[in-house]
Amino acid sequence: MDDRMELYLAVAARSFRRATTYRSAYLAGIITNAFFGALVCFVYQALYAGGGRVAGLSLNDAISYAWTTQSLISIGGAWIVSAGISQSIRSGDVITDLSRPWSFYLYWLSRSFGERAFNLLVRGALTYLVGVLYFGARLPAPADLLAFLPAIILAMQVSFAFSFMVNLTAFWLLDSTGVTLLSNVMLTFLSGFILPVAFFPPALQALVHALPFESITGLPTQIFLGQLAPAQIARALATQAAWAAALTALGLAMQAAAMRKVVVQGG
Amino acid sequence: MALIEVENLQKSFSRPVRRAGRLGALRGLLAREYVTMEAVAGVSFTLEAGAMAGYLGPNGAGKSTTMKMLTGILVPSGGRIEVGGLVPHRQRVAHVRRIGVVFGQRTQLWWDLPTIESFELLRHVYKIPMARYRENLKAFSELLELGPFLDTPVRQLSLGQRMRADLAAALLHDPAILFLDEPTIGLDVVARERIRGFLSEINRERGVTVILTTHDLSDVERLCQRVVLIDHGRVIYDGGLDQLKTRHGRWRTLVVDLADASCAPLVEMADLVRQEGPRAWLRFDRERTSAAALIAEVAARYPVRDLTVEEPEIEAIVRGIYERGVGVI
Ligand SMILES: Nc1ncnc2c1ncn2[C@@H]1O[C@H](COP(=O)(O)OP(=O)(O)OP(=O)(O)O)[C@@H](O)[C@H]1O
Ligand SMILES: [Mg+2]
């Protein structure tokens, strides 16, 4: 691909800084995520009124899970969060990004990582803090936090590759909102965002395990909360890495195809 | 070999046809019919290093499409382009290192960040040595007066400031060629003049080859020795601006501000082409009528407040070429 680490770090750094300038946007984001986090918790509290476990998960497990997934929304854990690429294709602004001596893919990947690093460290962390303070969401053990780091980086790679492809359909369809909508439905339900995958019926669980979406939300969440044994963690990371590699390759192939037939809109 | 060689360049777009009738939309979904539109239909020209050329034509002539092919972002449907020995869309990365591009309607700067941040990023993108980067930044800041807004987020810049910043951004890496698609669009006279001064300076002092599109003939007059005029995707004139104007730019417009808005200034020697309130536009043929005679006539018959003679616009020159035939080139 490209050996220009220092350039992509510079891109990511600017993207991070850019995200910090939208203070009211992330404050509103935290409030919304916390609101829905609280709502889900009330539902769980009602459902678990008799005590016990559901599919191996205690009430506290379920609550912690809900807050973790809410905290991952802003890094693409629930639906596609950044439509920057398709917008720039639609408006024709993509023209500048195409006439640069860099990898278009890595450019957008670094932009996405910079923004998401901010979202994870500020939006996500603050949202989770609300869950910890008001609903007793569990703080992760240091060892799990350590495993969570590679897991979340891989998750962001899978999520980026997927949204990159969805966005890139704009080159052919001009308007990728339809594809985005459909993708978001899949992402929301099949990633383990709405409910822990353990709650699903067996057939649906098998489907989820065969698709990449669990690598984006379900697996890193389970690692974060210490719900996986060391061997399972290793297997989860391997699954994520495999999906990251596969979807990145697909994304690059799609980019090459798009470049061949590039039609840039507008004068 | 010339720096830019374009031979029989073509680009066609296909667009779905909208069908009439109530079921038209539905049928259109099932089986789409396409029409092909030839945006660039066989353009040829060459440009020597160090030149400054205007690529002109009316709306929809195919200027931007050609610029996109020259900069390697659009793949031609036919013909040949070579820029400095490279084929832009095939050797895109090597090509774009040597060129600077400004599309006047877009910005290459990061909208939400201070202008200087985008410049810094470009230093990484083009691996510009620090010393050279500083030197260029200093030179462009002075020439374009960027200093006051280097730390301002791009979204807060005025159009003129943004355009100046975009020009500097396109030149930081010392490109050999600068492609400009409407670099003066929407700017006032002062801002325009500053950009023209800057362009002629970098062309003269740094030897940057410049090719620009514009609808403003005064840009061309000030900057370009050479003009390529296109219409409907075809070259209809290639040569000096002076010849173009003397041979084809015979139409002038006299703009008259009347003291009395209710009368229409009708005279033998010119056509009234437009009237808005007290202001009227009279088109006349310079070869048959002198501006002086027309002004005298109008002033004698109507209460006139003010008069100006407008130079021909690109559209009028194109009309002139068709009226006299393309062969006159
Ligand atoms: N992506 C596209 N799909 C379909 N048709 C297109 C596309 N881009 C341009 N065209 C058509 O090609 C023709 C030339 O367009 P182009 O933008 O090159 O004109 P232009 O000379 O730059 O005009 P202007 O002075 O208005 O900017 C126009 O008729 C336009 O409608
Ligand atoms: Mg144009």
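Above this text sits the structure in question.
Note that the structure is predicted; figures quoted are calculated from it, not measured. (Residues numbered from 1 in each chain as written. Chains lettered and ligands numbered in written order. Predicted model: local features only at pLDDT ≥ 70, side-chain atom pairs only at ≥ 80, totals over all residues. Heavy atoms only, no water.)

Caption draft 1: A look at the sheet that holds strand 1 (residues 4-16) of chain B. Residues and elements named next belong to chain B. With antiparallel pairing, three strands are arranged side by side in an open sheet as 2-1-4. The strands lining the two open edges of the sheet, one partner per strand, are strand 2 (34-47) and strand 4 (78-83). Neighbour-to-neighbour, the strand axes of the sheet open up by a mean angle of 30°, direction not taken into account. As judged from the five bridges shared by strand 1 and strand 4, these two strands associate in the antiparallel manner. Directly across from isoleucine 4, in strand 4, lies its bridge partner valine 83. Along the sheet, helix 2 (residues 63-70) makes contact with strand 1, strand 2 and strand 4, crossing strand 1 at roughly 120°. (Pairing = 2+ DSSP bridges. Helix = DSSP H or I, 4+ residues; strand = E, 2+ residues; numbered from the N terminus. Axes fitted to C-alpha atoms, helices over the stretch in contact; angles between N-to-C directions. Contact = heavy atoms within 4.5 Å.)

Caption draft 2: Representation of empty space enclosed by the protein in the model. Overall, the coordinates contain two cavities of 30 Å³ or more when judged by the stated rule. A volume near 130 Å³ is recorded for the largest cavity. As for the largest cavity, its lining consists of 18 residues, and the residues nearest its centre are A:Thr96, A:Ser99, B:Val101, B:Val102 and B:Gln108. Tallying contributions element by element places strand 5 (residues 99-103) of chain B first for the lining of the largest cavity, with five residues. Of the residues belonging to the lining of the largest cavity, the class tally is nine nonpolar, six polar and three charged. Lining the second largest cavity are A:Ser74, A:Val81, A:Ser82, A:Ser112, A:Glu115, A:Arg116 and A:Asn119. Class assignment of the residues belonging to the lining of the second largest cavity gives a composition of one nonpolar, four polar and two charged. (1 Å grid on protein atoms, 1.4 Å probe; cavity = no way out; pocket = protein on both sides within 12 Å on 5 of 7 lines; lining within 4 Å. Points joined across faces, edges and corners; volume = space filled by probe spheres on them. Nonpolar A, V, L, I, M, F, W, Y, C, P; charged D, E, K, R; others polar.)

Caption draft 3: Representation of the pattern of salt bridges in the model. Residue and element names in this part refer to chain B. The full count for this structure, using the stated rule, is 30 salt bridges over all chains. Close ionic contact of glutamate 120 with arginine 123 constitutes a salt bridge, the shortest N to O distance being 3.2 Å. A residue pair is termed a helical-turn pair when its members lie 3 or 4 positions apart in one helix, as glutamate 120 and arginine 123 do in helix 4 (residues 115-125) at three residues. Under the relative-accessibility criterion, glutamate 120 is labelled partly exposed at 22%. (Salt bridge = Lys/Arg side-chain N within 4 Å of Asp/Glu carboxyl O. Buried < 20%, exposed > 50% of the residue type's maximum accessible area, 1.4 Å probe, protein only.)

Caption draft 4: Structural context of the pairing of strand 6 (residues 177-181) of chain B. Residue and element names in this part refer to chain B. Of all the five residues making up strand 6, five are buried; the element is thus mostly covered by neighbouring parts of the structure. Of the two faces of strand 6, both are covered, the one formed by Ile177, Phe179 and Asp181 as well as the one formed by Leu178 and Leu180. Both strand 5 and strand 6 contribute to a ladder of five bridges, which runs parallel. By the bridge assignment, isoleucine 99 is partnered in strand 6 with isoleucine 177. The β-α-β motif built from strand 6, the intervening helix 7 (residues 189-206) and the parallel element strand 7 (residues 209-213) has right-handed crossover chirality. (Right-handed = clockwise from strand over helix to strand, strands pointing away.)

Caption draft 5: Region of interest: the site of ligand 1. If you check the shell around ligand 1, you find 17 residues, and the closest are B:Gly60, B:Lys63, B:Ser64, B:Thr65 and B:His215. Two or more chains meet at ligand 1, and those chains are chains A and B. In the model, an oxygen atom of ligand 1 is placed 3.1 Å from a nitrogen or oxygen of the B:Ala61 main chain. In the model, an oxygen atom of ligand 1 is placed 3.4 Å from a nitrogen or oxygen of the B:Glu182 side chain. Surface burial for ligand 1 is 80%, taken as the share of its 640 Å² of free accessible area covered by protein chains. Among the secondary structure elements, those contributing two or more residues to the shell around ligand 1 are strand 1, strand 2 and helix 2 of chain B. With three residues, the single largest contributor to the shell around ligand 1 is helix 2 of chain B. Tallied by class, residues from the shell around ligand 1 come to seven nonpolar, seven polar and three charged. (Near = heavy atom within 4 Å. Polar contact = N/O pair within 3.5 Å; in protein donor to acceptor, adjacent residues only side chain to side chain. Areas by Shrake-Rupley, 256 points an atom, 1.4 Å probe, with all protein chains shown as cover.)

Caption draft 6: How the structure looks around the sheet that holds strand 8 (residues 226-231) of chain B. All names here are of chain B. Pairing in this open sheet of six strands is mixed, and the strands run 5-6-7-3-8-9 from one edge to the other. Edge strands, defined here as strands with exactly one partner in the open sheet, are strand 5 and strand 9 (234-240). Pairwise comparison of adjacent strand axes, ignoring direction, gives a mean angle of 15° for this sheet. In terms of strand pairing, strand 8 meets strand 9 through six bridges, oriented antiparallel. The residue of strand 9 that forms the bridge with aspartate 231 is arginine 234. In this fold helix 7 packs onto strand 3 (52-56), strand 6 and strand 7, with an angle of close to 150° to the strand it touches most, strand 7. With respect to the sheet, helix 9 (residues 241-248) is in contact with strand 8 and strand 9, its orientation differing from that of strand 9 by roughly 110°.

Caption draft 7: Fine view of the side chain of B:Thr65. Tracing the backbone through its elements, the reader meets B:Thr65 in helix 2. Beyond its immediate stretch of four places on either side in the chain, B:Thr65 contacts B:Lys11, B:Phe13, B:Ala39, B:Val40 and B:Leu74.

Caption draft 8: Local environment of the interface of chain A and chain B. Listed per partner, the contact involves 31 residues of chain A and 27 residues of chain B. Summing both partners gives a buried area of about 2800 Å² for chain A against chain B, and 57% of it is carried by carbon and sulfur. Counting across the chain A and chain B interface gives eleven residue pairs in polar contact (both at pLDDT 80 or more). Residue assignment for the side of chain A that touches chain B shows that the elements contributing at least two residues are helix 1 (5-20), helix 5 (94-98), helix 6 (104-135) and helix 12 (230-260) of chain A. The biggest single contributor to the side of chain A that touches chain B is helix 1 of chain A, with eight residues. Residue composition of the side of chain A that touches chain B, by class: 13 nonpolar, nine polar and nine charged. (Buried area = accessible area lost by both parts, 1.4 Å probe.)

Remember that the coordinates give geometry; whether it matters functionally is a separate question.
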